[in-house]
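Geometric and topological summary
In case you want the letters, here they are:
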Amino acid sequence: MSKILRVDMTNLKVVVEASPPEYERLGGRGLTARILNRELLPTCHPLGKHNKIIFAPGLLDGSRFPSSGRLSVGFKSPLTGGIKESNVGGTSGQKLGRLGIKAVILEGQPDDTELHIIKVTKDGAAILPADNLTGLTNYAVVKELRAIHGENVGVLTIGPPGERKASMASVACTDMDGMPSRQLARGGAGAVMGSKRIKAIVIDDTRTKPIAAKRAKAFRELVTEYTKFLDESKGANLVRAYGQMGGLVWISDRNHSLPVRNFTSGMFEGASKIGGKEAIGYLTSQGSQWSIPCMPGCLQRCSNIVRDKEGNYVTSGLEFETAALLGANLGIDDIYAIAAMSRLDDDYGLDDIEMGVTLGVAVDAGIMNLGDSTRAIALINEIGQGTTLGRILGEGAAVTARAFGISRVPVIKGQAIPAHDPRVENGTGVTYCTSAMSDHTAGAVLFRQPTPAEAVKASKQVQINVAMVDSLGLCYIAFTERAYPMEKVTEIVNTQCGLDLSYEDMQEMGKTVLKEERVFNLKAGFAPSADRLPEFFKEEPSPPSDFIFDVPDSEIDSFWDF
Ligand code: SF4
């Protein structure tokens, strides 16, 4: 029987509830959207006692299907003021799935400021004191908790900015080596967890085993088929060899859609130093490793472990977005400096994307110069340590711009725009506009579409597909971006769960997720004007393509005709 753990932080009580039948076919992003719509007043304050933060494994988490096991977090975002879902690899999603836990709902707020740990086991959950962890950064927290609770636990943790409820605070998740390098990064999940006075969640799945497929033979055949598909896919093999960072030079030099120097250009002269084969070849020659899975059983293996020139571990999961926004967007072409910045972000618990865009705004504000990685690192430390300037920057790009009177701000719905310039990638731009998430990850990357109508159509289809895979706990990089047939994904669900869903049922599931997210935002006070990119994307051509974002407002609004 699957269950829901409801953690009441006002009264410091945990209640284990049977998961209601209506949640049976829901997981991950779809489940968090449903619960938030059911249980939350959309106008509540994101950092107040009425907000909730929900951790939900995908429907396939805990199964043996490759590249499944992602964990979703859903909450009302302090950055956007709307609904937010973020998902992550690591080990915690699979552990919650194996424990038969549909969702962990954190609600309420204690009267005092003491911090707590939630420990989840086969027997339920307990709230433990955590004041000895106050002020510790994520790597130190995980070291302490693994020493006490064992090396095999999964840990979700926040750093000092999360404790202070900074809007760019993430929740860090441990990877297969126990490093808190995977981030539930977007939207300020760490701030909401901090507002509940929860420093960490420890997940112990001792004495559990993978959930057997209901139709084992057909399931095994699908595993074989998917494995063969990836092995024979040119795109999958390129991503396996070079990761997401491998495409950075192409995106800069051929597609011209890289954010460069605070979104003033789409092409970076230092691209080959921070991404692509040359940079990765250099890093691996110095001891870094590529083709690493971020969660057990991922066959796409797009991740990495970065070591410095002395062979010391720096970070794992140095991603395209990180290199683009902490590198090109700040005019920085030193890959080791970028890795050091990303390590600091992981350790403090901060979102790399929000950081890169915020520091771009800081350049316009005269707080740092382009290309100055020493100053960038100093500013990240200010955010981590909570100085006055750090507290402003820690609220993200939109607030920083307001504080310094900057009007050219690459944000949508209050959140930093990721590393695909929407002037060139107009389909991705439509996704930024229409998704309640305001993220390209809500729809996978869409390169330039020939017409605005086609940009809307393409965005709609990938958003439906991604909402579906996000609800199943599958990684969109290993499925949607590889164009793995959604009909096959339907078969995977049916054989694992013993269901008889059709492809149309699954598409309907994706559409329902998008609509529920939109309903939440409308009730929270969002108007269609929230679905608009900042003016400069429509007015300033991005060299060298010289494109502007050309999808008319009426076309964007037609997205919702389904
Ligand atoms: S494809 Fe990459 S990001 Fe996705 S689960 Fe695998 S290693 Fe992690």
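Whatever comes next refers back to the structure up there.
Procedures and definitions
- Residues numbered from 1 in each chain as written.
- Predicted model: local features only at pLDDT ≥ 70, side-chain atom pairs only at ≥ 80, totals over all residues.
- Heavy atoms only, no water.
- Helix = DSSP H or I, 4+ residues; strand = E, 2+ residues; numbered from the N terminus.
- Rg over C-alpha atoms; globule rule 2.2 N^0.38 Å.
- Buried < 20%, exposed > 50% of the residue type's maximum accessible area, 1.4 Å probe, protein only.
- Contact = heavy atoms within 4.5 Å.
- Areas by Shrake-Rupley, 256 points an atom, 1.4 Å probe, with all protein chains shown as cover.
- Lys, Arg positive; Asp, Glu negative; His and termini not counted.
- Charge placed at Lys NZ, Arg CZ, Asp CG, Glu CD.
- Polar contact = N/O pair within 3.5 Å; in protein donor to acceptor, adjacent residues only side chain to side chain.
- Pairing = 2+ DSSP bridges.
- Axes fitted to C-alpha atoms, helices over the stretch in contact; angles between N-to-C directions.
- Core = buried A, V, L, I, M, F, W, Y, C linked by side-chain atoms within 4.5 Å.
- Domains from an automatic or database assignment.
- Expected span 1.5 Å × (residues − 1).
- Arc of directions from axis to C-beta.

Regarding its fold elements, the protein presents 22 helices and 17 strands. Relative to a compact globule of 562 residues, whose C-alpha radius of gyration would be 24 Å, the protein shows 22 Å and is just as compact. Projecting the C-alpha coordinates of the protein onto the three principal axes gives extents of approximately 55 × 50 × 50 Å. In the protein, which comprises 562 residues, the proportion classed as buried is 63%. Within the protein, contacts between residues at least 6 apart in sequence are counted, and of these 69% link residues at least 24 apart. Of the roughly 19,400 Å² of accessible surface on the protein, 52% is carried by carbon and sulfur atoms. Here the protein contributes 61 positive and 67 negative side-chain charges, whose respective centroids are spaced 5 Å apart.

Secondary-structure assignment places L128 in strand β8 (residues 124–129). You can call L128 partly exposed: its relative accessible area is 27%. As a C-alpha pair, L128 and I201 span 73 residues in sequence and 9.9 Å in three-dimensional space. Setting aside chain neighbours within four positions, we find L128 in contact with L115, H116, I117, K119 and H149.

The topology assignment puts H420 in the loop between β17 (415–416) and α17 (426–434). Relative accessible area serves as the criterion here: at 3%, H420 is assigned to the buried category. A polar contact of 3.0 Å, which involves the side chain of H420, links it to the side chain of E425.

Our next topic: the sheet that holds strand β9 (residues 154–157). Pairing is mixed across the open sheet formed by 6 strands, whose spatial order is β8-β7-β12-β9-β10-β11. Two strands lie at the open edges of the sheet, namely β8 and β11 (182–184), each paired on one side alone. The average angle at which neighbouring strand axes cross in this sheet is 20°, direction not considered. Of the strand pairs in this sheet, strand β7 (residues 116–121) and strand β12 (residues 198–203) are connected by 5 bridges, and their pairing is parallel. Directly across from K119, in β12, lies its bridge partner V202.

Backbone phi values are negative for most residues with the exception of glycine, while trans is the configuration of most peptide bonds. At the junction of P543 and P544, the peptide bond is cis and its omega measures out at 5° in the coordinates. Positionally, P544 belongs in the loop between α21 (535–539) and α22 (553–557). Despite not being glycine, K413 shows a phi value in the positive range, around 50°. Looking at where K413 falls in the secondary structure, it is placed in the loop between β16 (411–412) and β17. Accessibility expressed as a relative area gives 11% for K413, which makes it buried.

This part covers the nonpolar core. Membership of the largest hydrophobic core comes to 74 residues, with the highest contact counts inside it found for L258 and L359. Split by domain, the residues of this core number at least three in each of domain 1 (234–415) and domain 2 (426–560). In contact with L359, other than residues within four places in its own chain, are L330, M341, M368, A376, L379 and I380. Of all hydrophobic cores here, the second largest spans 31 residues; its members include L222, V466, A478 and V489.

This brings us to helix α6 (residues 216–232). Over its 17 residues, α6 runs 24 Å from end to end, which matches the ideal 24 Å to within 8%, given 1.5 Å per residue. When α6 is considered as a whole, its buried residues turn out to be F219, L222, V223, Y226 and L230. Seen end-on, α6 carries its buried residues on one side only, within an arc spanning 105°. Counted as exposed and oriented over 90 degrees from the buried face of α6: K217, R220, T224 and E232. As for α6, its buried residues are in contact with α7 (234–242) and α19 (486–497).

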